[in-house]
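Observations on the three-dimensional arrangement
If you want the building blocks of each chain, they are given just below.
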Amino acid sequence: MYYNKQAETMSRSELDALQSERLVSLVRYVYERVPFYRAKMDDAKVKPSDIKSIRDIVKLPFTEKSDLRDNYPFGLFAVPDREVVRVHASSGTTGKLTVVGYTRGDLDVWSEVMARSLTCAEVTSESTVHVSYGYGLFTGGLGAHDGASRIGAKVIPASSGNTARQLMLLKDFKATTLCCTPSYAAYLGDSVAKMGYDIKDFSLKSGVFGAEPWTEEMRVGIEKKLNIKAFDVYGLSEIMGPGVSIECDCRKGLHVWEDHFYPEVLGDHFEQLPYGERGELVFTTLTKEALPLIRYRTKDICTLDNSPCPCGRTHVRMSKILGRKDDMLIIRGVNVFPSQIETVLLQMGNIAPHYQLVVDRENNTDTLEILVELEESLFSDEVRQLEQVREKIESNVHSALGLSARVKLVESGTIPRSEGKAVRVIDKRKL
Ligand code: DLL
């Protein structure tokens, strides 16, 4: 099922022509309206007339999060204030927020791409969509809400917080789709039995989870505990919010809605990498009015795949996010992505998806301690058995990462739960 069959299944040559036409107007638009881009293009000695097709995108300069911060709050907006009808924000690298704005037209595109996304995750006008992403400056809540409304589903705007109430609403209002972060979905899954419910009494069929990295192993756990099919949804405030890309039923990568967001994956020297190679994901917004961004560096690492998808959608697929250029930890010279450790932990099968990495420095040497929650059943086992589990994790982490780490087993429920994005890493070295 498609939300917009014509857009989602157009041929590569049609997409190419549309992207080219849209890039040409975008470049003219920002050159005329945004002093920042005019100056950047002048510096790079590129004129709007040099951009004739989507392939000329390589001539254009990049945009970074710091550019939004330097023009805080509205300095990069391309429309007069009165045309901005919504503002959202995400955390910045310093104390200032990264602020983004939308015109009516932008909100219309956002709800369209989110409607396409939710349709991939089996939402129809008959569905009840329970949104536990936070409502507010974070784009998750309102983004999912507007997409579900656009389809004509019944929306439960639960927002985040109060797990007991979330479970009560999920069950009593017969939600068919749950939207929240994957770590919160895992927590809800754990809480079902603890709070005296049986998942068989719920009506859930699918889940739309994103806003933070998660692994296949975590998906398996969430699907089992909530008795649903789980879909990975990706997005970022700067480009739109949730709904930049999503998995279809085949779940072999996330279709990027390329008629609106043009993706590139770049190597260490900012060269465009071929499909399949891992690098930094960069987006150009092809239709945004309030805050159009050219070659925005997401710092997210992934690969792109343009092989045909059995679902019939022609839009290129990105892999799950494999890490971030800037959350990569370097521990004793070894590059470590938290998701790698998560994979090791969850592959063990008896470990809850709640863990925390504590990085520190002792005697000028980096240390990594992994706090790991065990499933309740295991924690009551003999000390000798627990010690074996601990050693096994240390040795698995060592063989996967080539890095020795101290593992500390903690009781179920000890690691602080987050209703939004989980805090996976505590890097004491920076303090
Ligand atoms: O997290 C938008 C969103 C809301 C996406 C709800 C999906 C669902 P920001 O707060 O601006 O926006 O954070 C964007 O979060 O650059 C990624 O590093 C990370 N991220 C978002 N979705 C995923 C995902 C929202 N599915 C940043 N997998 C991005 C991994 C994700 N990382």
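First, a word on what this report is: a plain description of the structure on this page. What you see is a predicted model; the values in this text were computed from it and never measured.

Concerning the site of the ligand
- The full set close to the ligand counts 21 residues, and Ala211, Asp232, Val233, Ser237 and Asp300 are the nearest of them.
- A distance of 2.7 Å separates a nitrogen atom of the ligand from a polar side-chain atom of Asp232.
- The contact in question runs from an oxygen atom of the ligand to an N or O atom on the side chain of Asp300, over 2.6 Å.
- Compared with its free state, where it exposes 610 Å², the ligand has 92% of that area covered by protein.
- For the shell around the ligand, the secondary structure elements donating two or more residues are helix H6 (139–151) and strand E7 (229–236).
- With five residues, the single largest contributor to the shell around the ligand is E7.

Considerations on the pattern of salt bridges
- All chains considered together, the criterion is met by 34 salt bridges.
- The salt bridge involving Lys40 is made with Asp67; its shortest N-O contact spans 3.7 Å. Pair noted here: Lys40 is in helix H3 (residues 35–43) and Asp67 is in helix H4 (residues 65–70), with a separation of 27 residues, a long-range link.
- On the basis of relative accessible area, Lys40 is assigned to the partly exposed category, the value being 23%.
- One salt bridge connects Lys229 with Asp249, and the closest N-O pair in it is separated by 2.7 Å. In this pair, Lys229 is assigned in strand E7 and Asp249 in the loop between strand E8 (241–247) and strand E9 (254–256), connecting sequence segments 20 residues apart.
- The partly exposed category is assigned to Lys229, whose relative accessible area is 23%.
- Taken together, the shared-partner salt bridges connect Glu64, Glu280, Arg297, Lys299 and Lys325 into one network.

Rules used throughout
- Each chain has its residues counted from 1, following the order in which its sequence is written.
- Given that this is a predicted model, residues contribute local features only at a pLDDT of at least 70 and side-chain atom pairs are listed and counted only at 80 or more, while totals for whole chains, interfaces and linings are drawn from all residues.
- Working from all heavy atoms in the structure, the side-chain values ignore hydrogens and water.
- For this purpose, a residue is taken to be near a molecule or strand whenever a single non-hydrogen atom of the residue falls within 4 Å of it.
- Nitrogen and oxygen atoms within 3.5 Å of one another constitute a polar contact, given that in protein one can donate a hydrogen and the other can accept it, and given that sequence-neighbouring residues count only through two side-chain atoms.
- Calculation of accessible area relied on Shrake-Rupley with a 1.4 Å probe; when residues are assessed, cover is drawn exclusively from the protein chains displayed.
- Secondary structure elements are taken from DSSP: a helix is a run of H or I of four residues or more, a strand is a run of E of two residues or more, and numbering for both begins at the N terminus.
- Definition used for salt bridges: Asp or Glu carboxyl oxygen within 4 Å of a side-chain nitrogen of Lys or Arg.
- Accessible area is worked out with a 1.4 Å probe on protein chains only. A residue is then buried under 20% of its type maximum, exposed over 50%, and partly exposed in between.

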